[in-house]
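# Architecture at a glance
Now for the letters of each chain:
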Amino acid sequence: MNLLLLGRGKTGSVVAEVAAERKHRIAIVGAKENASGAALTPAALYNIDAVIDFTAPHCVLTNIEACVKAGKNMVVGTTGWYQEIDRVRNLVDHHGTGFLSAANFSIGVNLFLEVARIAAAALQHDYTGQIFERHHARKQDAPSATAITLQHVIREASGTNETLEITSFREGDVVGLHEVVLESPADRIYLCHDAKSRRGFAEGAVRAAEWLAGKKGFYDFSKIWRDL
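Heads up: these notes are all about the structure in this document. Everything quoted here is computed from the prediction, not taken from an experiment.

Rules and cut-offs
- Residues numbered from 1 in each chain as written.
- Predicted model: local features only at pLDDT ≥ 70, side-chain atom pairs only at ≥ 80, totals over all residues.
- Heavy atoms only, no water.
- Helix = DSSP H or I, 4+ residues; strand = E, 2+ residues; numbered from the N terminus.
- Expected span 1.5 Å × (residues − 1).
- Buried < 20%, exposed > 50% of the residue type's maximum accessible area, 1.4 Å probe, protein only.
- Contact = heavy atoms within 4.5 Å.
- Polar contact = N/O pair within 3.5 Å; in protein donor to acceptor, adjacent residues only side chain to side chain.
- Disulfide = S-S within 2.5 Å.
- Pairing = 2+ DSSP bridges.
- Axes fitted to C-alpha atoms, helices over the stretch in contact; angles between N-to-C directions.

## Some details on helix α4 (residues 107-119)
If you check α4, its first and last C-alpha atoms are 19 Å apart, about what 13 residues at 1.5 Å a residue would give, namely 18 Å. Looking only at α4, the buried set comprises V109, N110, F112, L113, A116 and A119. Among the structural elements, α5 (145-158), β8 (176-183), β9 (188-195) and α7 (221-224) are those in contact with the buried residues of α4. You can read the cap of α4 off the contacts: a side-chain oxygen lies 3.1 Å from the backbone nitrogen of G108, and it is on S106.

## A short note on the environment of V174
Checked against the element boundaries, V174 lands in the loop between β7 (165-170) and β8. A relative accessible area of 24% places V174 in the partly exposed class.

## Quick look at the state of the cysteines
Counted under the stated rule, the structure contains 0 disulfides. Of all cysteine sulfurs in the structure, the one in C67 sits closest to C59, which takes part in no disulfide; the separation is 11 Å. For C59, a relative accessible area of 21% puts it in the partly exposed group. A relative accessible area of 0% places C67 in the buried class.

## Re the sheet that holds β7
Taken together, 4 strands build an open sheet; the order of strands is β7-β6-β8-β9 and the sheet is mixed. At either margin of the open sheet sits one strand with a lone partner, and together these are β7 and β9. Strand-to-strand twist in this sheet, taken as the mean axis angle between neighbours without regard to direction, amounts to 15°. Looking at chain direction, strand β6 (residues 128-135) and β7 are connected through 6 bridges and run parallel.

## Considering the side chain of H178
Within the secondary structure, H178 sits in strand β8. The class of H178 is buried, set by a relative accessible area of 3%. Among the polar contacts made by the side chain of H178, one reaches the side chain of S144 at a distance of 2.9 Å. With residues near it in sequence (within four places) discarded, H178 still touches F112, F132, E133, H135, S144, T146, A147, L191, C192 and H193.

## Things to note about the sheet that holds strand β10 (residues 217-220)
Pairing within the open sheet is parallel, and its 6 strands lie in the order β2-β1-β3-β4-β5-β10. Each edge of the sheet is formed by a strand with only one pairing partner; in this case those strands are β2 (25-29) and β10. Averaged over all adjacent pairs, the angle separating strand axes in this sheet is 15°, with direction ignored. Two strands pair when backbone bridges link them, and strand β4 (residues 73-76) and strand β5 (residues 98-101) are joined in this way by 3 bridges, in the parallel orientation. Across the sheet, residue V76 finds its bridge partner in β5, namely S101. Packing of helix α6 (residues 199-212) onto the sheet brings it into contact with β1 (2-6), β3 (50-53), β4, β5 and β10, and relative to β4 it is tilted by some 155°.

Below you can see the structure in the form of structure tokens.
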């Protein structure tokens with residue numbers, strides 16, 4: 001495939017490595033080249049099969065609009081735009097493209113969410129819970145999108161109205177660590193996912209682009225990761 005990667009950050013760099021390993025042709029566009037979507041003209045996108053976005057909340061909607069209007073499939077790992085999800089869904093449907101997004105493209109994190117969904121039953125049996133998340137000192141958003149997703153999954157699966165408190169830490173070069181602690185008077189349950197590198201995020205994003213080839217519609221990675 002001819003893939004266009006938006007974003008030269010740490011995760012984007014690993015995405016490029018994984019794409020090359022999987023024999024795709026990869027072009028990379030950074031923020032300077034793509035100010036206000038300048039690099040995403042129909043002519044520039046003509047030979048691109050799919051666009052993978054790991055940029056920032058302030059520019060991702062501009063990127064989405066340009067790529068979808070050009071009829072290009074998109075895989076979006078950038079977060080912070082979900083308040084506009086209905087508008088994006090309508091845009092994708094109108095232009096007949098394929099679109100896949102996730103708060104986290106790691107297979108391990110999505111397995112972790114499934115475990116948390118099962119463990120949420122504890123909240124019906126006199127347990128209380130907390131969520132802890134740790135990321136590198138330069139990460140701007142807190143809590144992380146993954147922690148918020150974890151909070152929603154547990155609340156919905158528990159059958160209660162309890163929203164677990166999230167405590168965020170920003171320190172050093174931590175890639176990403178998420179913990180759920182469920183506690184009762186009798187015992188304590190720990191669930192943890194600790195990312196050792198960004199490799200899991202990158203592999204998930206590239207495999208998502210492969211899965212999306214030839215498809216149309218709006219997809220959530222949490223619903224399709226088992227099919228990769």
